[in-house]
Amino acid sequence: LYLSMFILHIDSSANTKLSISRAVSQILVDKLEQKHANAEVKHLDLASNPVPFIDDAWIAKEDMSLSQDLVADLLKADIVVMGAPVYNLSIPASLKAYIDQVVVAGKTFQYTQEGPKGLVSPDKKVYIIASSGTDYESLTKFGMNYHKPYLTGILNFVGIQDITILPYSSRNKESISRRIEKAEQDITALLQA
């Protein structure tokens, strides 16, 4: 039986030219395609093609077509690669708009007597490329990292447990090309482990 792998690649950086998260997420997708020759990749660029914010029509369930398509892709994906820079201690608004479209009761989670239950396969792998203008872990140290707990929390909420966050600082003395070269080495080692 020939099974294909579906990789959902999500970019959310507003910086379309010199984004670390975009460069590193593309490297990861390329490496995954090399590892899985039969992979199908779908790229969502939330800066170039933003997902609309929740509005009255969505709330009234009058226009759910985009949400349904986005949910279908998320459910289908074996691997999700998410370029998610840190904006003001959290995630970009474009990524929050996407999350609001895919976290849907009855589709990706359900309420039960024991509390909410995720409906997304726990076998799904998610890689988050977390680029930031300062050291990512220092934000955690000073209690200012809302990026990591929000993304891991919302992914856990819909059932996804296998999450790897790859943090990259975009403000240090190394050139962008050197940081990207290091990221490529990191990713090669990660996928060989």
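The structure reproduced in this document is the subject of the present report. All values reported here derive from a predicted model rather than from experimental measurement. Residue positions are given per chain, counting from 1 as you read along its sequence in written order. The model is predicted, so local features are restricted to residues of pLDDT at least 70 and side-chain atom pairs to those at 80 or more, both for listing and for counting; the totals for chains, interfaces and linings are taken over all residues. The side-chain values count all of the structure's non-hydrogen atoms but skip hydrogen atoms and water molecules.

### Structural notes on the overall build of the protein chain
Item 1. Going along the chain from the N terminus, every DSSP run of H or I of four or more residues is numbered as a helix, and every run of E of two or more is numbered as a strand. In terms of helices and strands, the protein chain carries seven helices and seven strands.
Item 2. Secondary structure elements in the protein chain, listed N-terminal to C-terminal, are β-α-β-α-α-β-α-β-β-β-α-α-β-α.
Item 3. Atoms counted for the radius of gyration: C-alpha only. Globule rule: 2.2 Å times the number of residues to the power 0.38. In terms of overall dimensions, the protein chain is globule-like: its C-alpha atoms have a radius of gyration of 17 Å, near the 16 Å expected for 193 residues.
Item 4. With the C-alpha coordinates aligned to their principal axes, the bounding extent of the protein chain is approximately 50 × 45 × 35 Å.
Item 5. Buried positions account for 44% of the 193 residues belonging to the protein chain.
Item 6. Contacts between residues were defined by any pair of non-hydrogen atoms, one from each residue, lying within 4.5 Å. Taking all contacts inside the protein chain whose residues are at least 6 apart in sequence as the whole, residues at least 24 apart take part in 80%. Exposure is judged per residue with a 1.4 Å probe applied to protein chains only, and the accessible area is read against the type maximum: over 50% gives exposed, under 20% gives buried, and values in between give partly exposed.

### Points about the sheet that holds strand 6 (residues 125–132)
Item 1. Overall, parallel pairing links the five strands, which are arranged 2-1-3-6-7 in an open sheet. Each edge of the open sheet is held by one strand with a lone partner, namely strand 2 (40–45) and strand 7 (162–169). Across the sheet, the mean angle from the axis of one strand to that of its neighbour is 15°, orientation sign disregarded.
Item 2. A pair of strands is considered paired only if DSSP assigns at least 2 bridges between the two. For strand 3 (residues 79–83) and strand 6, the ladder comprises five bridges, and the chain directions are parallel. Bridge assignment links Met82 to a residue of strand 6, and that residue is Ile128.
Item 3. Whenever a helix is involved, its axis is fitted only over the stretch in contact; in every case the axis is a line through C-alpha atoms, and angles between N-to-C directions fall within 0 to 180 degrees. Running over the sheet, helix 1 (residues 20–35) touches strand 1 (6–11), strand 2, strand 3, strand 6 and strand 7 and is turned about 150° from strand 6.

That's the geometry; what it means functionally is another story.
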